[in-house]
Amino acid sequence: MSCNGIQVRVRGKVQGVGFRPFVWQLAHQLGLAGDVSNDGQGVLVRLAGNGGDFTARLRQLCPPLARIDAIQILPFEWSNAPDSFTIRHSAGGAMDTQIVPDAATCPACLAEMRDPRERRYRYPFINCTHCGPRFTIIRAMPYDRPATAMAGFPLCAPCEAEYRNPADRRFHAQPVACPDCGPQLEWCGENTHATREQALAAAVAMLRDGGIVAVKGLGGFHLACDAQNPRAVARLRERKQRPTKPLAVMIPHTDGLPESVSHLLNSPAAPIVLTPKAWLPGLPEAIAPGLDCVGIMLPANPLQHLLMADVQSLLVMTSGNLSGKPPAITNAQALDELRDIADGFLLHNRDILQRMDDSVVDADGAMLRRARGFVPDAITLPAGFNDIPAMLCLGAEMKNTFCLVRGNQAVMSQHFGDLSDDGVEHQWRTALSVMQQMYAFQPVRVVCDAHPGYRARRWADEQALATETVLHHHAHAAACLAENGWPLDGGDVIALTLDGIGMGDNGALWGGECLRVNYRDCEHLGGLPAVALPGGDLAAVQPWRNLLAHCLAFVPGWQQRRETHAVQAQNWPLLATAISRGINTPRASSCGRLFDAIACALDLTPDGQGYEGEAACRLEALAARCRGVAHPVTLPVINGNLALSVFWQQWLDWQAEPCERAWAFHDALAKGLAELAAFHARRASLSTVCCSGGVLHNRLLRARLRHYLSDFTLLLPCHLPAGDGAISFGQAVVAAARSCSQRT
């Protein structure tokens, strides 16, 4: 007998998150008949009758890892009226749904793992539909167990029963496992152990004894040691050749932390959160030398929870890699590459199929590195972006990500880092291939940075596809606009794009620019003056070179200034000659290199930079100590540009405490940039300013820009990195906007 009903199409992040059993349970609670299934577009629900408040409850009670982007309701006629609600097998079709990121262990699984009465007691691979590995174990789509790293672990009878039961929280949880049928731990060290508890006990003993343990995680290896043992921390730094770069610390709970930070740490993404050191007293200075913040994280998987509970100390959890190489993801790679760093290896036999670093956010939630827990969440493009052809956007050279854009959505890859580092480009190329296969993605165009020397640009030139380039700083600004929902036809804005270096118009090197921008076009208006980069790339490593260049350009009689002693200790006359003759000294309007010069003048980096941005990070930490102090320093706007000669004279003449001078620099820079943006905004009758670029990761500068630009609508990055990690997304929206223009 036929009957009328409705068909409910649900799009978004609705597969692999327990959405079908949630629908099944909701339908039974409401006494509804019909069915639910997965297909290429998401989830399809068919109901007899009008469904009552079914769709309202779908949104209200959505599972924790799911996200509903759209619900479409259409009439549906049943040829045979259903008398119950069932789950149908998945249907095929072109993929239009989303792949789910890995998620931190949920409270239900944690309680089960800690209960001696449960069969998964202390099992380090416990998971359910609300937590556990997802993207890092996927080999191909659709997301079914045979297409994951769990294919080699046949389900035992109890796990199979859970997997088939719609009322169970493990219904169709592809990584479901238990001690009888799932992955197992192994210890490789002085005494190799194969049983789970022996392996874990050996790792715990090693950590308690001050040793270093390589721990296999979800998306790669970590190197762990006791964070409260200064000798262990020093040993890790020495062996890893990481003298000053800050180390992340894993904490057992969030007691005593602000609610906002606790919320970030306890989210399913479980990122590293940058917090003031004062919130974690007792940590050795060597955890984050010269900085006022430290990156903290909660355990993000069951094995980490077990380690924390057994060691009963804070743990350093830093990436398991050699300097200049990507993190290890296979047991063999870890045993080979980390043998001179780790004292022992806590391994397991579940393969990592996709590398995934820890994500990093600051205490305000602003994204610094987007990876585990966020990738590959899709990003819906702003209003006006529709029917975009498939385009592959390759990102920048450093802090690289790539981006797939199609229709009205973009999917950004995980963070890869510097493509010039040994092994990173290989991982990047592999991920490019895998992501395109997963999404059945066939690009009609490749979009890349305008810099001709980037590895991504060279890869693009190898492809038999049309290639389009986007200026580096146009991509920065466009990414910020799109993240903030600026519509396609929202018109022009003033953009401040501040970073180290990027290719600008006519081969110019930019880094401190004021631009007039929309999605399609980018016009240079002014900014910092171009200054020599003595030695090219060496200028980013040795801050004294930048101080010399600024002194030669803006400070007459600089040799008499005590702030230049770091320069005078070097063979500066030879470099000065090179600058005067233009030998390997390209000119760039780099805000990042200005930070380096100031840091050098304050003697913050006497031995050069041990990691990218160290000078700027130390300078920010120093300035925070004297925040708000009055000062006479300015960076005025003259003829539409910033006058560094005035700034340097005033700053050098003001002989205050180092922290006061560091604060004065930040404040004067922010005020000067704001006045520059306001000058051009008023000339063009614009009321919106957007700010982006890696320098915007500086919390102090960001706050001062908010203060000085309070009369304008100010757009800042938050959910995507301000730096090069979002360049691929910026390229995507620029290319998409141009595509829309061509169609019209």
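Here goes a summary of the coordinates provided. (Residues numbered from 1 in each chain as written. Predicted model: local features only at pLDDT ≥ 70, side-chain atom pairs only at ≥ 80, totals over all residues. Heavy atoms only, no water.)

## Brief notes about the overall build of the protein chain
The condition that has to hold: Helical segments are the DSSP runs of H or I of at least four residues, strand segments are the runs of E of at least two, and each set is numbered from the N terminus. Between the two quantities, the radius of gyration covers C-alpha atoms and the globule rule is 2.2 Å times the number of residues to the power 0.38. We call a residue buried when its accessible area falls under 20% of the maximum for its residue type, exposed when it is over 50%, and partly exposed in between, using a 1.4 Å probe and counting protein chains only. In this analysis, two residues are considered to be in contact whenever any of their non-hydrogen atoms come within 4.5 Å of each other.
Counting its secondary structure elements, the protein chain contains 21 helices and 30 strands. Taking 27 Å as the expected radius of gyration for a compact globule of 744 residues, we find that the protein chain reaches 27 Å, a close match to that expectation. Expressed along its principal axes, the backbone C-alpha trace of the protein chain runs to roughly 95 × 70 × 50 Å. Counting only residues that meet the buried cut, the protein chain has 61% of its 744 residues in that class. Sequence-distant contacts in the protein chain: of pairs separated by 6 or more residues, those separated by 24 or more amount to 71%.

## Quick look at the environment of R355
Here is the rule: Two N or O atoms count as a polar contact when they lie within 3.5 Å, although within protein this holds only if one can serve as hydrogen donor and the other as acceptor, and sequence-adjacent residues are included solely when both atoms are side-chain atoms.
By the secondary structure assignment, R355 is in the loop between β13 (344-348) and β14 (360-362). Between the alpha carbons of R355 and P556 there is a distance of 51 Å; along the sequence they are 201 residues apart. Apart from the residues lying within four places of it in its own chain, the contact partners of R355 are G219, P326, P327, I329, Q414, H415, F416 and Q427. Among the polar contacts listed, one links the side chain of R355 to the side chain of Q427, at a separation of 2.9 Å.

## Some remarks on the state of the cysteines
Here is the rule we go by: For this text, the term disulfide refers to a pair of cysteine sulfurs within 2.5 Å.
If you walk through the whole model with that rule in mind, you get one disulfide. In this model, C626 is linked to C659 through a disulfide, with the two sulfur atoms separated by 1.9 Å. You can see C626 sitting in the loop between α17 (614-624) and β27 (637-638) and its partner C659 sitting in helix α19 (residues 658-683), a full 33 residues away along the chain. There is no disulfide at C178, and the cysteine sulfur nearest it, in C156, is 3.6 Å away.

## Overview of the sheet that holds strand β5 (residues 85-87)
Either a parallel or an antiparallel arrangement is found when strands of a sheet pair, and the pairing is made through backbone hydrogen bonds. What counts is decided by this rule: Between any two strands, pairing holds if DSSP finds at least two bridges. To get an axis, a line is fitted to the C-alpha atoms, and for a helix only the part in contact is used. The angle between two axes follows their N-to-C directions and goes from 0 to 180 degrees.
As summarised here, the arrangement of the five strands in space is β4-β1-β3-β2-β5, forming an open sheet in which the pairing is mixed. Sheet topology places β4 (67-78) and β5 at the edges, where each strand pairs with a single neighbour. Each neighbouring strand pair of the sheet contributes to a mean axis angle of 20°, computed without reference to strand direction. The sheet strands contacting helix α1 (residues 19-30) are β1 (3-13), β2 (34-39), β3 (42-48), β4 and β5, and the helix crosses β5 at an angle near 170°.

## Some remarks on the packing of aromatic side chains
Short version of the rule: Pairing of aromatic rings covers Phe, Tyr and the six-membered ring of Trp, with a centre-to-centre limit of 6.5 Å; geometry is then stacked below 30 degrees between planes, edge-to-face above 60, and tilted otherwise.
As enumerated under the stated definition, the model contains twelve aromatic pairs in all. Ring centres of F76 and W78 lie 5.1 Å apart, and the angle between their planes is 85°; on these two criteria the pair is classed as edge-to-face. A relative accessible area of 8% places W78 in the buried class. A centroid spacing of 5.6 Å and a plane angle of 70° characterise the contact between F647 and W648, whose relative ring orientation is edge-to-face. Assigned by exposure class, F647 and W648 land together as buried. Taken together, the aromatic side chains of F595, F647, W648, W651 and F665 make up a single cluster linked through ring pairs.

## Examining helix α8 (residues 302-311)
Taken across its ten residues, α8 has nine buried, putting it largely inside the fold. A side-chain oxygen of the first residue of α8 lies 3.1 Å from the backbone nitrogen of L303; this N-cap is N301. Q312 sits one or two residues past α8 and shows a positive phi near 60°.

## Section: the packing of helix α16 (residues 591-601) against α17
In plain terms, the rule: Note on convention: near helix rotated counterclockwise from far helix by under a right angle means a left-handed crossing. Clockwise means right-handed. Polar here means any residue other than Ala, Val, Leu, Ile, Met, Phe, Trp, Tyr, Cys and Pro, which are nonpolar, and Asp, Glu, Lys and Arg, which are charged; Gly is therefore polar.
With their axes 8 Å apart at the nearest point, α16 and α17 run at an angle of 60° to one another. In terms of crossing hand, the pair formed by α16 and α17 is left-handed. When α16 is examined against α17, the residues F595, D596, I598 and A599 are found in contact with a partner set consisting of A615, A616 and L619. Here the residues of the contact of α16 with α17 sort into six nonpolar, no polar and one charged.

## Topic: the pattern of salt bridges
What counts here: Salt bridge, as used here: a side-chain nitrogen of Lys or Arg that lies within 4 Å of a carboxyl oxygen of Asp or Glu.
Per the counting criterion, the structure on display carries 37 salt bridges. Measuring nitrogen to oxygen at the nearest pair gives 2.8 Å for the salt bridge that ties R122 to D310. Residue R122 is located in the loop between α3 (107-113) and α4 (157-164), and its partner D310 is located in helix α8; the two are separated by 188 residues in the primary sequence. Here R122 falls in the buried class, since its relative accessible area comes to 17%.

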